[in-house]
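# Secondary and tertiary structure notes
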Amino acid sequence: MERLTGLAQRAPGAWQIGTVTEIRREAPRVKSFRIALEMWIAHLPGQHYEVRLTAPDGYRAQRSYSVASSPLDAGEVELTVELLPDGEVSSYMHEVLVEGDRLELRGPFASYFVWRGESPALLVGGGSGVVPLMAMLRHRRRAMPDAAMALLYSVRSPEEVIYRDELGPETVLAYTRSAPAGWQGHRGRIDRGLVAEVAAPLLAGTAYVCGSDPFVEAATGLLLDCGFAEHQVRTERFGPGG
């Protein structure tokens, strides 16, 4: 299958002011922010933006957040942000920012952890690591619905599932701490059996893994054990910043 057309790597834009048009709660500590940009640049699924806050005394705090929206959403981007303990930027976005406010940001960035229409594709996310993978999944649904893609999503509890209403038949959930009543799916951390089952039809493609350092290390090892070669696995790690 041909890869996506019209999505080329571009130099990131300069700092600009965006307007928050929508704020949506995804989970108890996770919100999505839809931001309209005057100097909009079509991103590649998997890229991120930098958000910068400037205090009256000139102090600045800056963090990077993955884009969750499809590049077909012209003129705007959606950033999904987890509220972190003592997180300067995430605390401001969660506790202060309201619809209609303006926010300084710059992007898009990244050239390695991006989906350019590779098929098959296996997406493996842990917790909020699902965010850039959702950009890939959303874009695939709209631009290449026949492309082979699956999402393996590891999350602690039902309350912490991000994008709950958008997860479709291509998604396999794994609950590590608590599961819904009557749950017949996987419980506990992802293991070789689960990864092998989901990956079997996709071994000829590319795997994208995103999450914390321990999650990425474990998931990558399982993918290699199941038949993926190192060059087929791309990883993105979320650090402790906020």
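So, here's what we can say about the structure. (Residues numbered from 1 in each chain as written. Predicted model: local features only at pLDDT ≥ 70, side-chain atom pairs only at ≥ 80, totals over all residues. Heavy atoms only, no water.)

## Digging into the overall build of the protein chain
Where we set the bar: Numbering of helices and strands runs from the N terminus; a helix is a DSSP stretch of H or I covering at least four residues, while a strand is a stretch of E covering at least two. Think of it in three bands: with a 1.4 Å probe and only protein chains considered, a residue is buried below 20% of the maximum accessible area for its type, exposed above 50%, and partly exposed in between. Residues count as neighbours in contact if any of their non-hydrogen atoms are within 4.5 Å of one another. For accessible areas, the Shrake-Rupley method is used with a probe of radius 1.4 Å. Any residue's cover is judged against the shown protein chains and nothing else. His is not counted here, nor are the chain ends, while Lys and Arg score as positive and Asp and Glu score as negative. Each charge is placed at NZ for Lys, CZ for Arg, CG for Asp and CD for Glu.
Per the secondary structure count, the protein chain includes four helices and 12 strands. The buried share of the protein chain, taken over its 242 residues, is 52%. Long-range contacts, defined as pairs at least 24 residues apart, comprise 69% of the intrachain contacts of the protein chain with a sequence gap of at least 6. Total accessible area computed for the protein chain in this model is approximately 11,100 Å², and 50% of it derives from carbon and sulfur atoms. Charged side chains of the protein chain number 25 positive and 30 negative; the gap between the two group centres comes to 1 Å.

## Remarks on the sheet that holds strand β9 (residues 171-175)
Selection criterion: Two strands qualify as a pair provided DSSP detects at least 2 bridges between them. Helix axes are fitted only over the stretch in contact, all axes being lines through C-alpha atoms; the angle between N-to-C directions runs from 0 to 180 degrees.
Strand order in this open sheet of six strands is β10-β9-β8-β7-β11-β12, and the pairing throughout is parallel. One side of each edge strand has no neighbouring strand; the edge strands of this open sheet are β10 (186-187) and β12 (233-237). Pairing of strand β8 (residues 149-155) with β9 involves five bridges; the strand directions are parallel. Opposite Ser154, over in β9, you have Ala174 as the bridge partner. Of the strands in this sheet, β7 (121-126), β8, β9 and β11 (206-211) are in contact with helix α2 (residues 130-143), which crosses β8 at around 155 degrees. Across the sheet, helix α4 (residues 213-225) lies against β7, β8, β11 and β12, angled at about 160 degrees from β11, the strand it touches most.

## Examining unusual backbone geometry
Note that the residue after Gly107, namely Pro108, is joined by a cis bond; omega there is 0 degrees. Position of Pro108 among the secondary structure elements: in strand β6 (residues 102-109). The amide bond that connects Ser119 to the next residue, Pro120, takes the cis arrangement and shows omega of 5 degrees. Looking at the element boundaries, Pro120 is found in the loop between β6 and β7. Positioned with a positive phi, Asp86 is a non-glycine residue whose angle comes to about 60 degrees. Mapped onto the secondary structure, Asp86 falls in the loop between β5 (76-82) and α1 (88-95). Even without being glycine, Ala110 reaches a positive phi, approximately 100 degrees. You can see Ala110 is positioned in the loop between β6 and β7. A relative accessible area of 27% places Ala110 in the partly exposed class.

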